[in-house]
Amino acid sequence: MAKISFLLLILLPFLLRISSAELTSNFYSSTCPNVLSVIKTAVNSAISKESRMGASLLRLHFHDCFVNGCDASVLLDDTSSFTGEKTANPNSGSLRGFDVIDTIKTQVESTCAGVVSCADILAVAARDSVVKLGGPSWNVLLGRRDSTTASLSAANNDIPAPTLNLSSLISSFSNKGFNAREMVALSGSHTIGQARCTTFRDRLYNETNINSSFGTSIKANCPQNGGDNNLSPLDTSPTTFDNAYYKNLQSQKGILHSDQQLFNGGSTDSIVNTYSSNSATFFTDFAMAMVKMGNLSPLTGTNGQIRKNCRKNN
């Protein structure tokens, strides 16, 4: 008995490290050393075929992390035991890029089977997408594991809606540990990509803090009735990651209600001004906020799983 107890004392620190492992930058250095180049090549290829895909992959990571942490729950299809997150209001009909993640996963599995999580693939693909479109890079910490379940209700409740006002935006991000500056920086992800008419129609036809000529031009593609899925760019350079998003807000050309709320006479106006005049500061803050977001409640160690197919539990 004494020998067993002594052995447990020796092994306990090791066992604790496994069960509460932290993310590291070199997690796959020995088990899958080529994983980063495999993901980068696939992401670059996908964006070369369709530049909008970069924004879609970035959004997938965001919508994953804000719902019970960065655990690839957003990728799971519905099962008999749970309804997944794909049909949640913020995701239904708008989340894209699942096929790109599937392709990456297949390529990674052929290189090192059963080693790399889908959650890590999402995190790296988001970073590589931003870089491909001209934005900053950051050191993606790795070692996440994949969830075994997903939550429709959490997706509906935790992902910030495009209809939120400033106080609600600040509160929504604060609930995930972000301050107002980090919230404004992360909102800068809207410097790339497109928005569906249904997400900004109310702003277009009912709000006054919108540039009149800009509003008129957008209305041509977003009628008061119908055309819900018609797309309009989120900023004036939707395939380039830059600070034009903030310049647009200063001119009342934010397409989403939640976007324009960041520059509407409130407490975040000064942050928008900073990012508009200094893209380097925006890039630095955005990169730091993305690292922080990627660290939201990851499953590590012996928790969760490593999915063979990102859409299904093993």
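Residues numbered from 1 in each chain as written. Predicted model: local features only at pLDDT ≥ 70, side-chain atom pairs only at ≥ 80, totals over all residues. Heavy atoms only, no water.

Trainee: Explain the UniProt feature "active site" (unreviewed entry) in the protein chain to me, and be specific about the residues and the numbers.
Mentor: What UniProt calls "active site" (unreviewed entry) maps, in this numbering, to H63. The class for H63 is buried, based on a relative accessible area of 4%. (UniProt positions renumbered as here; feature names shortened; annotations may be inferred. Buried < 20%, exposed > 50% of the residue type's maximum accessible area, 1.4 Å probe, protein only.)

Trainee: Which residues make up the domain arrangement of the protein chain, and what values do they have?
Mentor: According to the domain assignment, the protein chain consists of domain 1 (34-158) and domain 2 (166-293). Computed over C-alpha atoms, the centres of domain 1 and domain 2 are 22 Å apart. At the junction of the two partners, domain 1 supplies 22 residues and domain 2 supplies 19 residues. The junction of domain 1 with domain 2 conceals about 1,800 Å² of combined surface from both sides, 74% of it contributed by carbon and sulfur atoms. Joining domain 1 to domain 2, the criterion identifies 1 salt bridge. D158 is the salt-bridge partner of K176, the closest N and O atoms lying 3.3 Å from each other. Where domain 1 touches domain 2, the interface holds 3 residue pairs in polar contact (both at pLDDT 80 or more). Ranked by residue count, the leading element in the side of domain 1 that touches domain 2 is helix 3 (residues 53-65), at 6 residues. When grouped by side-chain class, the residues that make up the side of domain 1 that touches domain 2 number 10 nonpolar, 10 polar and 2 charged. (Domains from an automatic or database assignment. Contact = heavy atoms within 4.5 Å. Buried area = accessible area lost by both parts, 1.4 Å probe. Salt bridge = Lys/Arg side-chain N within 4 Å of Asp/Glu carboxyl O. Polar contact = N/O pair within 3.5 Å; in protein donor to acceptor, adjacent residues only side chain to side chain. Helix = DSSP H or I, 4+ residues; strand = E, 2+ residues; numbered from the N terminus. Nonpolar A, V, L, I, M, F, W, Y, C, P; charged D, E, K, R; others polar.)

Trainee: Explain the side chain of S189 to me, and be specific about the residues and the numbers.
Mentor: In this structure, S189 sits in the loop between helix 8 (180-187) and strand 1 (194-196). Apart from residues no more than four positions distant in its own chain, S189 is found in contact with L58, F241 and F286.

Trainee: Go over the nonpolar core with me, naming the residues and quoting the values.
Mentor: Ranked by size, the top nonpolar core spans 73 residues in total, and within it I39, L60, L75, I101, V108, L262 and F286 carry the most contacts. By residue number, the principal contributor to this core is helix 5 (residues 118-132), which donates 9 residues. In terms of domain composition, this core takes at least three residues from each of domain 1 (34-158) and domain 2 (166-293). Excluding its chain neighbours within four sequence positions, the residues that come into contact with L60 are V74, L75, L95, R96, G97, F98, I101 and L122. Listed in part, the 11 residues of the second largest apolar core include L204, F214, I218 and C222. (Core = buried A, V, L, I, M, F, W, Y, C linked by side-chain atoms within 4.5 Å.)

Trainee: Please give an account of the packing of helix 3 against helix 14 (residues 279-294) that cites residues and values.
Mentor: At a closest axis distance of 10 Å, the pairing of helix 3 and helix 14 adopts a crossing angle of 50 degrees. Classed by the angle they form, the pair helix 3 and helix 14 counts as oblique. For the pair helix 3 and helix 14, the contacting residues are L58, H61, F62 and C65 in the first and F286, M290, M293 and G294 in the second. Taken together, the residues of the contact of helix 3 with helix 14 sort by class into 6 nonpolar, 2 polar and no charged. (Axes fitted to C-alpha atoms, helices over the stretch in contact; angles between N-to-C directions. Parallel < 35°, antiparallel > 145°, perpendicular 65-115°, else oblique.)

Trainee: Give a detailed account of helix 8, specifying residues and quantitative values.
Mentor: With respect to burial, helix 8 is a largely interior element, 6 of its 8 residues being buried. All of the buried residues along helix 8 are E182, M183, V184, A185, L186 and S187. Close packing links the buried residues of helix 8 with helix 7 (166-174), helix 11 (244-250), helix 13 (269-277) and helix 14. You can read the cap of helix 8 off the contacts: a side-chain oxygen lies 3.1 Å from the backbone nitrogen of R181, and it is on N179.

Trainee: Give me the lowdown on the side chain of D128, citing residues and values where you can.
Mentor: With respect to the helices and strands, the residue D128 is situated in helix 5. The exposure class assigned to D128 is buried, which follows from its relative accessible area of 8%. Aside from chain neighbours lying at most four places away, what touches D128 is L36, I39, K40, V43 and N44.

Trainee: Break down helix 14 for me, with residues and values.
Mentor: Between its first and last C-alpha, helix 14 extends 22 Å over 16 residues, near the 22 Å set by a 1.5 Å rise per residue. Where helix 14 is concerned, the buried positions are F282, D285, F286, A287, A289, M290, M293 and G294. Buried-residue contacts for helix 14 involve helix 3, helix 5, helix 8, helix 11 and helix 13. Capping the start of helix 14 is the job of one residue whose side-chain oxygen sits 3.1 Å from the backbone nitrogen of A280: N278. (Expected span 1.5 Å × (residues − 1).)

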